[in-house]
Amino acid sequence: FAIVFLSGCTSSEKEKEQASKILQEYINNIEDYEIASREFGEEANYIDMDDNMVVAILHPHTDFRTLDKAMENWIEETVKYYKKNLRKNGKKDSTAELTIHYESYVVGKSSVSVKFSGIYSADYLAHPVDVLKTFNFDTDAKDFIELKDIIKFGQRRKFEKYALSKLGVSEKDADDEVFSH
């Protein structure tokens, strides 16, 4: 999209030609560029079409019940949250869509990471809302890897304050679980 935008915003024929070549290369090889990384788990889906809302969530099914249950709980809570949001903020005939996909990675010998990303879009919103969640799991210990597991004791609070300041979020406005998993 940036290439299309940039090629339309320049008056230089040379720059337009270069952008056009890059765009054509991208279009010709889109399968190589747009495939999500799925190194871990078997693909599963959650589909729902109730309450004037369409929900389509892709997620991995793994060999680790603890991880699967945590992801399933997050999916259920996320769907509940946005359905409630639609009922509360939309009109009677408002419609919405929640679409989430995932990427999964094997990290080292005993760690896996699952990253969910997607959007919630509704006719009463000015623009879609981004949805993002990660799960990091130690396959040997069969437990989640948390920030406290990888940052030295005493440095976690300092890191959290720094990250929130970079995001422009005050500590009191931050989600209680912003640094979990």
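In what follows, the structure referred to is the one given above.
Residues numbered from 1 in each chain as written. Predicted model: local features only at pLDDT ≥ 70, side-chain atom pairs only at ≥ 80, totals over all residues. Heavy atoms only, no water.

Please give an account of the sheet that holds strand 2 (residues 53-61) that cites residues and values.
For sheets, the rule is that strands pair by backbone hydrogen bonds, running either parallel or antiparallel. Within the open sheet, the 6 strands sit side by side as 1-2-3-4-5-6. Their pairing is mixed. The open sheet has two edge strands, strand 1 (42-48) and strand 6 (143-144), and neither has a second partner. In terms of strand pairing, strand 5 (residues 129-138) meets strand 6 through 2 bridges, oriented antiparallel. The partner of Asp138 across the bridge, within strand 6, is Asp143. (Pairing = 2+ DSSP bridges. Helix = DSSP H or I, 4+ residues; strand = E, 2+ residues; numbered from the N terminus.)

How would you summarise helix 6 (residues 156-167) if you had to cite specific residues and measurements?
Its 12 residues place the ends of helix 6 16 Å apart at the C-alpha level, agreeing with the 16 Å of an ideal helix rising 1.5 Å per residue. Every buried residue of helix 6 is accounted for by Glu160, Ala163 and Leu164. Taken around the axis of helix 6, the buried residues stretch over an arc of 95°, which confines them to a single face. The exposed residues of helix 6 that point more than 90 degrees off its buried face are Lys158, Ser165 and Lys166. (Expected span 1.5 Å × (residues − 1). Buried < 20%, exposed > 50% of the residue type's maximum accessible area, 1.4 Å probe, protein only. Arc of directions from axis to C-beta.)

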